[in-house]
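So you can see what is in the structure, the chains are spelled out below.
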2 protein chains.
Amino acid sequence: MKKYKKADFPVDKIRRFLEPGPIVLISSQWNGKTNIMTQGWHTVMEFTPAWVGCIISDGSHSFEMIKRSKACVINIPEVDLVDEVVGIGNSTGAEIDKFETFKLTAQPAAMVKAPLIAECYANFECKLVDARLIQTYNYFIFEVVKAHAAAAPRYPRTVHYRGDGVFMVLRTVAQQASPIQARKPVTGGKDKKARA
Amino acid sequence: MKKYKKADFPVDKIRRFLEPGPIVLISSQWNGKTNIMTQGWHTVMEFTPAWVGCIISDGSHSFEMIKRSKACVINIPEVDLVDEVVGIGNSTGAEIDKFETFKLTAQPAAMVKAPLIAECYANFECKLVDARLIQTYNYFIFEVVKAHAAAAPRYPRTVHYRGDGVFMVLRTVAQQASPIQARKPVTGGKDKKARA
């Protein structure tokens, strides 16, 4: 499997990779063991600090590991990892070592105690900053404190989950009737420029 | 512009359209006026009830309208509406009537007081069910109480925002080395089947 050559990436720009809504692999570490889960229910919440909200099922093995360690890494796979994405989502870290089973490479993170997945296009090191919604919604609010991303390809061929086992790939830049490159952001949290 | 022939759609299956992460148009109504905003920071939070979390900037005209009316409609545009998506995101309902300016058709919703956009592939009628995170994060938790969706095309060509004015289109079903149609869901909130 391909390992990417990555560089540090500004955390306030990670929305480029998360806002399009890809399936991500969330890696964690607790009590000397690592784990990986497949996840598709996440949203950017703010540019600075770089907040991301994620639903992590309390039925998952990752739930307690992330809740206790207060950290994780959000990894962005490309479509060549779709079988690993499915396999990881359909197995549990209570029974297997997912890095070993799926032949993925754990790399140390710089700022959190959870491993990066070398075979993913980008890796976002996350600290849990708000645990108040965990009990009601299984909703974790993380701050991305360090980001790593490959420079190529410019637009990673991420996978997006349609339910019922169907994934789609984000592939093509939209053709617009009028140029939009220079326009203002169209979304945002507390970004005052967004005024729709 | 195309108007879709739609049917009622089960609310516990709307994740098919939201989990892939499309840009959505959120329509609202308050005090006799309507508005539309472009939005890309949202996540599915639960199947049943069909909870969806959305960041709505407090700098936006929609913010107060949705907070006060406690309702909105999440509309899913296809790529043919990308210019409207950008135009709606770069203008404010404080100055213009967006339905009129962008030549979109408001249709009455069945269960909330906010209009559906006829030119969108799907429309999800939403009630605000948790306002506790609005002050801290501009984060609204909605329940989808009624959903309408077109039957064709099967996979809508949704637009996904990369930041900096760049949109991408979800187009291709992923090619897997092994079939995955029959496998279990790979994500989930309190869905006990997800145990990654």
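So, here's what we can say about the structure.

Procedures and definitions
- Residues numbered from 1 in each chain as written.
- Chains lettered and ligands numbered in written order.
- Predicted model: local features only at pLDDT ≥ 70, side-chain atom pairs only at ≥ 80, totals over all residues.
- Heavy atoms only, no water.
- Helix = DSSP H or I, 4+ residues; strand = E, 2+ residues; numbered from the N terminus.
- Buried < 20%, exposed > 50% of the residue type's maximum accessible area, 1.4 Å probe, protein only.
- Contact = heavy atoms within 4.5 Å.
- Areas by Shrake-Rupley, 256 points an atom, 1.4 Å probe, with all protein chains shown as cover.
- Pairing = 2+ DSSP bridges.
- Disulfide = S-S within 2.5 Å.
- Salt bridge = Lys/Arg side-chain N within 4 Å of Asp/Glu carboxyl O.
- Phe/Tyr/Trp six-rings, centres within 6.5 Å; stacked < 30°, edge-to-face > 60°.
- Polar contact = N/O pair within 3.5 Å; in protein donor to acceptor, adjacent residues only side chain to side chain.

Once that is clear, we can look at the overall build of chain A. In terms of helices and strands, chain A carries 5 helices and 12 strands. Every one of the 196 residues in chain A was classed for burial, and the buried ones make up 62%. Within chain A, residue pairs in contact and separated by at least 24 positions form 66% of the contacts whose partners lie at least 6 positions apart. Here chain A has roughly 7600 Å² of accessible surface; of this, 51% comes from carbon and sulfur atoms.

Next up on the list: the pairing of strand 5 (residues 51–55) of chain B. In summary, the side chains of a regular strand alternate between the two faces of the sheet. Residue and element names in this part refer to chain B. Taken across its 5 residues, strand 5 has 5 buried, putting it largely inside the fold. Alternating positions in strand 5 separate into two faces, W51, G53 and I55 on one and V52 and C54 on the other, with burial throughout. The sheet contact formed by strand 4 (residues 42–46) and strand 5 spans 4 bridges and is antiparallel. Bridging across to strand 5, T43 finds its partner in G53. Here strand 4 folds back onto strand 5, and the loop between the two strands holds 4 residues.

All right, on to the environment of A114(A) then. Residue and element names in this part refer to chain A. Within the secondary structure, A114 is located in the loop between strand 7 (106–107) and strand 8 (116–117). You can call A114 buried: its relative accessible area is 3%. A114 sits 81 residues away from K33 along the chain, and the two C-alpha atoms are 9.6 Å apart. Contacts of A114, omitting those with residues within four sequence positions, involve S27, S28, Q29, C72, V73 and A109.

Bringing the environment of G89(A) into the picture now. Along the chain, G89(A) turns up in helix 3 (residues 82–89). Put simply, G89(A) and L25(A) are 64 residues apart on the chain and 9.0 Å apart in space, counted from C-alpha to C-alpha.

All names here are of chain B. For the bond from T48 to P49, the omega torsion is 0°, close enough to zero to count as cis. Relative to the elements of secondary structure, P49 occurs in the loop between strand 4 and strand 5. At the junction of A152 and P153, the peptide bond is cis and its omega measures out at -5° in the coordinates. Looking at where P153 falls in the secondary structure, it is placed in the loop between strand 10 (139–150) and strand 11 (159–161). Of note in this structure, K70 is not a glycine but carries a positive phi near 55°. Mapping K70 onto the fold places it in the loop between helix 2 (61–69) and strand 6 (71–76). Here D164, not a glycine, exhibits a phi torsion of approximately 55°, which is positive. Positionally, D164 belongs in the loop between strand 11 and strand 12 (167–173).

With that settled, consider helix 2 of chain B. Buried within helix 2 of chain B are the following residues: S62(B), F63(B), M65(B) and I66(B). At the exit of helix 2 of chain B stands K70(B), carrying a positive phi of roughly 55°.

We now examine the state of the cysteines. Tallying each qualifying case throughout the model produces 0 disulfides over all chains. You can see C54(A) has no disulfide; the closest cysteine sulfur is in C72(A), sitting 6.2 Å from it.

Turning our eyes to something else, we now look at the pattern of salt bridges. Residue and element names in this part refer to chain A. According to the stated counting rule, one finds 12 salt bridges over all chains in the structure shown. A salt bridge links D130 to R132, with the shortest nitrogen-to-oxygen separation between them at 2.7 Å. Under the relative-accessibility criterion, D130 is labelled buried at 6%. Accessibility expressed as a relative area gives 56% for R132, which makes it exposed.

What follows concerns the packing of aromatic side chains. For the coordinates displayed, the defined rule picks out 19 aromatic pairs over all chains. Through successive ring pairs, a cluster of aromatic residues spans Y4(A), F9(A), F17(A), Y121(A) and F124(A).

Here the focus is helix 3 (residues 82–89) of chain B. Counted residue by residue, helix 3 of chain B has 7 buried out of 8 residues, so it is predominantly covered. Listed as buried for helix 3 of chain B are V82(B), E84(B), V85(B), V86(B), G87(B), I88(B) and G89(B).

Another aspect to go through is the environment of N138(A). Residues and elements named next belong to chain A. Turning to its location among the elements, N138 is positioned in the loop between helix 5 (134–137) and strand 10 (139–150). When its relative accessible area of 1% is taken as the criterion, N138 is described as buried. For the pair formed by N138 and F63, sequence separation is 75 residues and the distance between their alpha carbons is 8.5 Å.

We now examine the side chain of N123(B). All names here are of chain B. Within the element layout of this structure, N123 appears in strand 9 (residues 122–130). For N123, the side chain forms a polar contact with the side chain of K6, separated by 2.6 Å. Ignoring any residue separated from it by four or fewer positions in sequence, one finds N123 in contact with K6, V73, I74, N75, L116, I117, K146, A147 and H148.

These figures capture arrangement, not role.
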